[in-house]
Amino acid sequence: MTVALEVVSVTAGYGDNPIVQDFSASLQAGSITTLIGGNGAGKSTLLRAIYGTNRFFSGRIVFEGESIERLPPWQRLKRGVGFVPQGRCNFPAMSVGENLKMGCYTLPAAAHEAAIGRVTGLFPILQQRWRIDAGNLSGGEQQILEMAMVLLVEPKLLLLDEPSLGLSPKMQGDVFTTVQRIAAGGVTVLIVEQNVRGALLISDRALVMEQGRKFMEGPAEEVRTDPRIRQAYLGGNIHQAA
Ligand SMILES: Nc1ncnc2c1ncn2[C@@H]1O[C@H](COP(=O)(O)OP(=O)(O)OP(=O)(O)O)[C@@H](O)[C@H]1O
Ligand SMILES: [Mg+2]
(Lines give C-alpha, C1' and ligand atoms only; values in the text may rest on other atoms or scores of the structure.)
(Ligands and ions follow the chains in the order given, each with its own letter.)
Protein backbone atom coordinates (compact mmCIF):
# COMPACT_ATOMS: atom_id res chain seq x y z
CA MET A 1 0.00 0.00 0.00
CA THR A 2 1.15 3.51 -0.81
CA VAL A 3 0.84 6.43 1.57
CA ALA A 4 -0.64 9.41 -0.28
CA LEU A 5 -0.72 11.96 2.51
CA GLU A 6 1.16 12.15 5.76
CA VAL A 7 0.18 14.81 8.30
CA VAL A 8 2.95 14.98 10.89
CA SER A 9 2.43 16.78 14.22
CA VAL A 10 0.60 19.64 12.58
CA THR A 11 -0.30 22.72 14.58
CA ALA A 12 -2.36 25.24 12.60
CA GLY A 13 -4.96 27.94 13.14
CA TYR A 14 -5.55 31.65 12.65
CA GLY A 15 -3.51 34.71 13.68
CA ASP A 16 -1.81 33.85 16.96
CA ASN A 17 -4.33 31.16 17.76
CA PRO A 18 -3.38 27.54 17.18
CA ILE A 19 -6.57 25.51 16.80
CA VAL A 20 -5.40 22.14 15.51
CA GLN A 21 -2.58 20.92 17.71
CA ASP A 22 0.04 18.26 17.16
CA PHE A 23 -2.23 16.36 14.77
CA SER A 24 -0.86 13.39 12.85
CA ALA A 25 -2.50 11.13 10.30
CA SER A 26 -1.59 8.91 7.40
CA LEU A 27 -3.84 8.35 4.38
CA GLN A 28 -3.37 5.40 2.03
CA ALA A 29 -3.69 6.12 -1.67
CA GLY A 30 -7.23 5.51 -2.93
CA SER A 31 -8.71 5.24 0.56
CA ILE A 32 -11.59 7.19 2.09
CA THR A 33 -11.04 8.65 5.56
CA THR A 34 -13.72 10.39 7.61
CA LEU A 35 -12.70 13.13 10.02
CA ILE A 36 -15.16 13.27 12.91
CA GLY A 37 -15.47 15.91 15.63
CA GLY A 38 -17.96 18.24 17.29
CA ASN A 39 -18.71 21.78 16.13
CA GLY A 40 -15.62 23.93 16.49
CA ALA A 41 -13.31 20.96 17.05
CA GLY A 42 -11.03 22.13 14.24
CA LYS A 43 -12.01 19.84 11.35
CA SER A 44 -12.27 22.60 8.74
CA THR A 45 -9.09 24.12 10.16
CA LEU A 46 -7.20 20.88 9.49
CA LEU A 47 -8.47 20.68 5.90
CA ARG A 48 -7.47 24.33 5.35
CA ALA A 49 -4.01 23.56 6.75
CA ILE A 50 -3.59 20.70 4.27
CA TYR A 51 -4.62 23.03 1.42
CA GLY A 52 -2.69 25.99 2.81
CA THR A 53 -5.31 28.65 3.45
CA ASN A 54 -4.70 29.37 7.12
CA ARG A 55 -1.79 29.91 9.51
CA PHE A 56 0.61 27.01 9.71
CA PHE A 57 2.56 26.94 12.98
CA SER A 58 4.54 23.71 12.89
CA GLY A 59 4.71 20.14 11.67
CA ARG A 60 4.88 18.70 8.18
CA ILE A 61 2.44 17.85 5.43
CA VAL A 62 3.92 15.27 3.11
CA PHE A 63 2.05 14.62 -0.13
CA GLU A 64 3.36 11.85 -2.35
CA GLY A 65 6.67 11.91 -0.50
CA GLU A 66 7.26 15.67 -0.67
CA SER A 67 6.76 18.36 1.97
CA ILE A 68 4.11 20.80 0.80
CA GLU A 69 3.39 22.76 3.98
CA ARG A 70 5.25 25.84 2.77
CA LEU A 71 3.70 25.89 -0.71
CA PRO A 72 0.90 28.31 -1.62
CA PRO A 73 -2.50 26.67 -2.23
CA TRP A 74 -2.30 26.97 -6.03
CA GLN A 75 0.93 24.98 -6.07
CA ARG A 76 -0.67 22.31 -3.89
CA LEU A 77 -3.58 22.22 -6.35
CA LYS A 78 -1.13 21.81 -9.22
CA ARG A 79 0.43 18.86 -7.43
CA GLY A 80 -2.97 17.23 -7.06
CA VAL A 81 -4.53 18.46 -3.82
CA GLY A 82 -8.17 19.40 -4.39
CA PHE A 83 -10.31 21.13 -1.76
CA VAL A 84 -14.08 21.64 -1.70
CA PRO A 85 -14.64 23.99 1.28
CA GLN A 86 -17.60 23.96 3.67
CA GLY A 87 -20.64 25.90 2.43
CA ARG A 88 -21.38 27.17 -1.05
CA CYS A 89 -18.30 27.81 -3.16
CA ASN A 90 -19.55 28.28 -6.74
CA PHE A 91 -20.17 31.49 -8.68
CA PRO A 92 -23.95 31.76 -8.16
CA ALA A 93 -24.64 34.39 -10.86
CA MET A 94 -22.77 32.41 -13.51
CA SER A 95 -24.14 29.46 -15.41
CA VAL A 96 -23.12 25.87 -14.78
CA GLY A 97 -21.08 25.92 -17.98
CA GLU A 98 -19.31 29.13 -16.96
CA ASN A 99 -18.57 27.72 -13.52
CA LEU A 100 -16.99 24.65 -15.09
CA LYS A 101 -14.91 26.87 -17.37
CA MET A 102 -13.76 28.81 -14.28
CA GLY A 103 -12.74 25.52 -12.69
CA CYS A 104 -10.39 24.92 -15.63
CA TYR A 105 -8.34 28.07 -14.96
CA THR A 106 -5.18 26.20 -13.93
CA LEU A 107 -5.33 23.91 -16.98
CA PRO A 108 -3.87 24.74 -20.40
CA ALA A 109 -6.62 26.01 -22.74
CA ALA A 110 -6.26 22.97 -25.00
CA ALA A 111 -7.26 20.71 -22.10
CA HIS A 112 -10.47 22.50 -21.08
CA GLU A 113 -12.88 20.73 -23.39
CA ALA A 114 -11.70 17.26 -22.48
CA ALA A 115 -11.76 18.07 -18.75
CA ILE A 116 -15.32 19.38 -18.95
CA GLY A 117 -16.35 16.38 -21.03
CA ARG A 118 -14.92 14.07 -18.38
CA VAL A 119 -16.80 15.62 -15.44
CA THR A 120 -20.07 15.99 -17.31
CA GLY A 121 -19.70 12.31 -18.20
CA LEU A 122 -19.35 11.60 -14.48
CA PHE A 123 -22.26 13.91 -13.59
CA PRO A 124 -24.67 14.13 -16.57
CA ILE A 125 -26.95 16.43 -14.56
CA LEU A 126 -24.42 19.22 -15.15
CA GLN A 127 -24.84 18.88 -18.90
CA GLN A 128 -28.62 19.07 -18.46
CA ARG A 129 -28.29 22.23 -16.31
CA TRP A 130 -25.55 23.76 -18.48
CA ARG A 131 -27.22 27.17 -19.04
CA ILE A 132 -28.77 27.58 -15.60
CA ASP A 133 -27.20 29.94 -13.06
CA ALA A 134 -25.41 27.89 -10.40
CA GLY A 135 -27.29 29.81 -7.68
CA ASN A 136 -30.58 28.46 -9.02
CA LEU A 137 -29.57 24.80 -8.80
CA SER A 138 -30.82 22.65 -5.92
CA GLY A 139 -28.45 22.26 -2.97
CA GLY A 140 -27.46 18.79 -4.11
CA GLU A 141 -26.84 19.92 -7.68
CA GLN A 142 -24.68 22.78 -6.38
CA GLN A 143 -22.68 20.33 -4.29
CA ILE A 144 -22.11 18.16 -7.34
CA LEU A 145 -21.08 21.21 -9.37
CA GLU A 146 -18.58 22.21 -6.68
CA MET A 147 -17.06 18.73 -6.58
CA ALA A 148 -16.95 18.71 -10.39
CA MET A 149 -15.14 22.08 -10.45
CA VAL A 150 -12.34 20.55 -8.40
CA LEU A 151 -12.38 17.21 -10.27
CA LEU A 152 -11.71 19.09 -13.53
CA VAL A 153 -8.04 19.26 -12.56
CA GLU A 154 -7.92 15.53 -11.69
CA PRO A 155 -6.79 15.86 -8.07
CA LYS A 156 -5.11 12.86 -6.52
CA LEU A 157 -6.23 13.91 -3.04
CA LEU A 158 -9.72 15.31 -2.48
CA LEU A 159 -10.53 17.22 0.71
CA LEU A 160 -14.30 17.47 1.18
CA ASP A 161 -15.75 19.63 3.94
CA GLU A 162 -19.37 18.75 4.73
CA PRO A 163 -20.48 17.79 1.20
CA SER A 164 -23.92 16.56 2.29
CA LEU A 165 -24.85 19.46 4.60
CA GLY A 166 -28.41 20.65 4.02
CA LEU A 167 -29.27 17.88 1.55
CA SER A 168 -32.22 15.50 1.63
CA PRO A 169 -31.44 11.92 2.72
CA LYS A 170 -31.69 10.82 -0.94
CA MET A 171 -29.26 13.51 -2.12
CA GLN A 172 -26.92 12.68 0.77
CA GLY A 173 -26.88 9.09 -0.46
CA ASP A 174 -26.08 10.32 -3.97
CA VAL A 175 -23.17 12.38 -2.66
CA PHE A 176 -21.78 9.37 -0.78
CA THR A 177 -22.11 7.16 -3.86
CA THR A 178 -20.29 9.83 -5.86
CA VAL A 179 -17.46 9.94 -3.32
CA GLN A 180 -17.14 6.15 -3.51
CA ARG A 181 -16.93 6.34 -7.30
CA ILE A 182 -14.24 9.01 -7.10
CA ALA A 183 -12.18 6.93 -4.66
CA ALA A 184 -12.67 3.81 -6.79
CA GLY A 185 -10.90 5.78 -9.54
CA GLY A 186 -7.81 5.95 -7.32
CA VAL A 187 -8.37 9.33 -5.66
CA THR A 188 -7.55 9.57 -1.95
CA VAL A 189 -10.43 11.20 -0.05
CA LEU A 190 -10.50 12.97 3.31
CA ILE A 191 -14.07 13.87 4.19
CA VAL A 192 -15.66 15.85 7.01
CA GLU A 193 -19.32 15.02 7.35
CA GLN A 194 -22.25 15.98 9.57
CA ASN A 195 -23.79 12.64 8.53
CA VAL A 196 -21.22 10.69 10.52
CA ARG A 197 -22.95 7.36 10.11
CA GLY A 198 -23.27 7.72 6.33
CA ALA A 199 -19.65 8.82 5.99
CA LEU A 200 -18.33 5.98 8.14
CA LEU A 201 -20.24 3.45 6.06
CA ILE A 202 -18.32 4.42 2.92
CA SER A 203 -14.97 5.00 4.66
CA ASP A 204 -11.96 2.77 5.17
CA ARG A 205 -10.69 4.69 8.18
CA ALA A 206 -11.78 7.35 10.63
CA LEU A 207 -10.03 10.07 12.58
CA VAL A 208 -11.70 11.61 15.61
CA MET A 209 -10.74 15.13 16.68
CA GLU A 210 -11.61 16.77 19.96
CA GLN A 211 -10.58 20.34 20.74
CA GLY A 212 -8.02 20.34 17.95
CA ARG A 213 -6.31 17.13 19.01
CA LYS A 214 -6.56 13.59 17.81
CA PHE A 215 -8.80 11.62 20.12
CA MET A 216 -9.04 8.33 18.26
CA GLU A 217 -8.31 6.71 14.91
CA GLY A 218 -8.83 3.33 13.34
CA PRO A 219 -10.73 1.36 10.73
CA ALA A 220 -14.10 3.04 10.08
CA GLU A 221 -16.00 -0.05 11.22
CA GLU A 222 -14.19 -0.09 14.57
CA VAL A 223 -14.75 3.61 15.18
CA ARG A 224 -18.41 3.28 14.15
CA THR A 225 -19.03 0.60 16.76
CA ASP A 226 -16.99 2.22 19.55
CA PRO A 227 -19.37 3.05 22.43
CA ARG A 228 -17.83 6.50 23.00
CA ILE A 229 -18.27 7.43 19.36
CA ARG A 230 -21.81 6.09 19.25
CA GLN A 231 -22.66 8.09 22.34
CA ALA A 232 -21.12 11.34 21.13
CA TYR A 233 -21.67 11.29 17.36
CA LEU A 234 -24.14 8.60 16.36
CA GLY A 235 -27.31 9.44 18.20
CA GLY A 236 -26.56 8.44 21.75
CA ASN A 237 -28.09 4.99 22.19
CA ILE A 238 -25.15 2.64 22.46
CA HIS A 239 -27.43 -0.38 22.11
CA GLN A 240 -28.98 0.84 18.89
CA ALA A 241 -28.03 -1.07 15.74
CA ALA A 242 -25.69 0.89 13.46
N1 LIG B 1 -11.12 32.36 9.91
C2 LIG B 1 -11.05 32.15 11.24
N3 LIG B 1 -10.46 33.04 12.05
C4 LIG B 1 -10.35 32.85 13.39
N5 LIG B 1 -10.85 31.75 14.02
C6 LIG B 1 -11.46 30.82 13.26
C7 LIG B 1 -11.59 30.97 11.84
N8 LIG B 1 -12.24 29.90 11.37
C9 LIG B 1 -12.48 29.10 12.43
N10 LIG B 1 -12.02 29.67 13.56
C11 LIG B 1 -12.10 29.08 14.92
O12 LIG B 1 -11.42 27.83 14.91
C13 LIG B 1 -12.11 26.90 15.73
C14 LIG B 1 -12.34 25.64 14.92
O15 LIG B 1 -13.17 25.95 13.80
P16 LIG B 1 -13.41 24.93 12.61
O17 LIG B 1 -14.16 25.68 11.60
O18 LIG B 1 -12.13 24.31 12.22
O19 LIG B 1 -14.30 23.84 13.34
P20 LIG B 1 -15.10 22.60 12.73
O21 LIG B 1 -14.65 21.39 13.48
O22 LIG B 1 -14.96 22.59 11.25
O23 LIG B 1 -16.60 22.93 13.16
P24 LIG B 1 -18.01 22.75 12.38
O25 LIG B 1 -18.41 21.33 12.60
O26 LIG B 1 -18.92 23.69 13.10
O27 LIG B 1 -17.79 23.09 10.93
C28 LIG B 1 -13.38 27.59 16.19
O29 LIG B 1 -13.18 28.02 17.51
C30 LIG B 1 -13.53 28.74 15.25
O31 LIG B 1 -14.16 29.82 15.88
MG1 LIG C 1 -16.24 22.90 9.72
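See above for the structure.
Residues numbered from 1 in each chain as written. Chains lettered and ligands numbered in written order. Predicted model: local features only at pLDDT ≥ 70, side-chain atom pairs only at ≥ 80, totals over all residues.

Caption draft 1: View of the overall build of the chain. Along its length, the chain carries 10 helices and 10 strands. In summary, the chain has a C-alpha radius of gyration of 18 Å against a globular reference of 18 Å for 242 residues, a match within 12%. Taken over the C-alpha atoms alone, the chain extends approximately 50 × 40 × 35 Å along its principal axes. The contacts in the chain between residues at least 6 apart in sequence include a share of 66% that link residues at least 24 apart. (Helix = DSSP H or I, 4+ residues; strand = E, 2+ residues; numbered from the N terminus. Rg over C-alpha atoms; globule rule 2.2 N^0.38 Å. Contact = placed C-beta atoms within 7 Å.)

Caption draft 2: Structural view of the site of ligand 1. Neighbouring ligand 1 are the residues Tyr-14, Ile-19, Gly-37, Asn-39, Gly-40, Ala-41, Gly-42, Lys-43, Ser-44, Thr-45 and Gln-86. Top contributing element to the shell around ligand 1 by residue count: helix α1 (residues 43-51), with three residues. Broken down by class, the residue content of the shell around ligand 1 amounts to three nonpolar, seven polar and one charged. (Near = placed C-beta within 6 Å. Nonpolar A, V, L, I, M, F, W, Y, C, P; charged D, E, K, R; others polar.)

Caption draft 3: Seen up close, the sheet that holds strand β4 (residues 55-63). In space, the four strands of this open sheet follow the order β2-β1-β4-β5, with antiparallel pairing throughout. Since the sheet does not close on itself, it has two edges, and those belong to β2 (17-28) and β5 (66-67), each with one partner. Strand direction decides the pairing type here: β4 and β5, joined by two bridges, are antiparallel. Paired with Val-62 across the bridge in β5 is Ser-67. (Pairing = 2+ DSSP bridges.)

Caption draft 4: Focus on the environment of Leu-158. One can find Leu-158 in strand β7 (residues 157-161). Judged by the 23 C-beta atoms lying within 10 Å of it, Leu-158 is buried. Separated by 34 residues in sequence, Leu-158 and Pro-124 have C-alpha atoms that sit 21 Å apart. Setting aside its immediate chain neighbours within four residues, Leu-158 contacts Gly-82, Val-150, Ile-182, Val-187 and Val-189. (Buried ≥ 20, exposed ≤ 12 C-beta atoms within 10 Å, placed from the backbone.)

Caption draft 5: Summary view of the sheet that holds β7. Read across the open sheet, the six strands follow the order β6-β7-β8-β3-β9-β10; overall the sheet is mixed. This sheet does not close on itself; its edge strands, each paired only once, are β6 (81-84) and β10 (213-219). Each adjacent strand pair in this sheet contributes to an overall mean axis angle of 15°, direction not counted. Note: strand β3 (residues 32-36) against strand β9 (residues 205-210), four bridges, orientation parallel. (Axes fitted to C-alpha atoms, helices over the stretch in contact; angles between N-to-C directions.)

Caption draft 6: Structural context of the nonpolar core. Grouped together as the largest cluster of nonpolar side chains are 67 residues, with contacts concentrated most on Ile-50, Ala-148, Leu-159, Val-179 and Val-189. Domain assignment of the residues forming this core places at least three in each of domain 1 (1-80 + 155-242) and domain 2 (88-153). Excluding anything up to four places from it in sequence, Val-179 contacts Ile-32, Leu-160, Val-189, Ile-191 and Ile-202. (Core = buried A, V, L, I, M, F, W, Y, C linked by C-beta atoms within 7 Å. Domains from an automatic or database assignment.)

Caption draft 7: The environment of Asn-54, seen in detail. Tracing the sequence through the fold places Asn-54 in the loop between α1 and β4. Along the primary structure Asn-54 and Gly-15 are separated by 39 residues, whereas in three dimensions their C-alpha atoms are 8.5 Å apart. Those residues in contact with Asn-54 that lie beyond four places of it in its chain are Ala-12, Gly-13, Tyr-14, Thr-45, Arg-48 and Ala-49.

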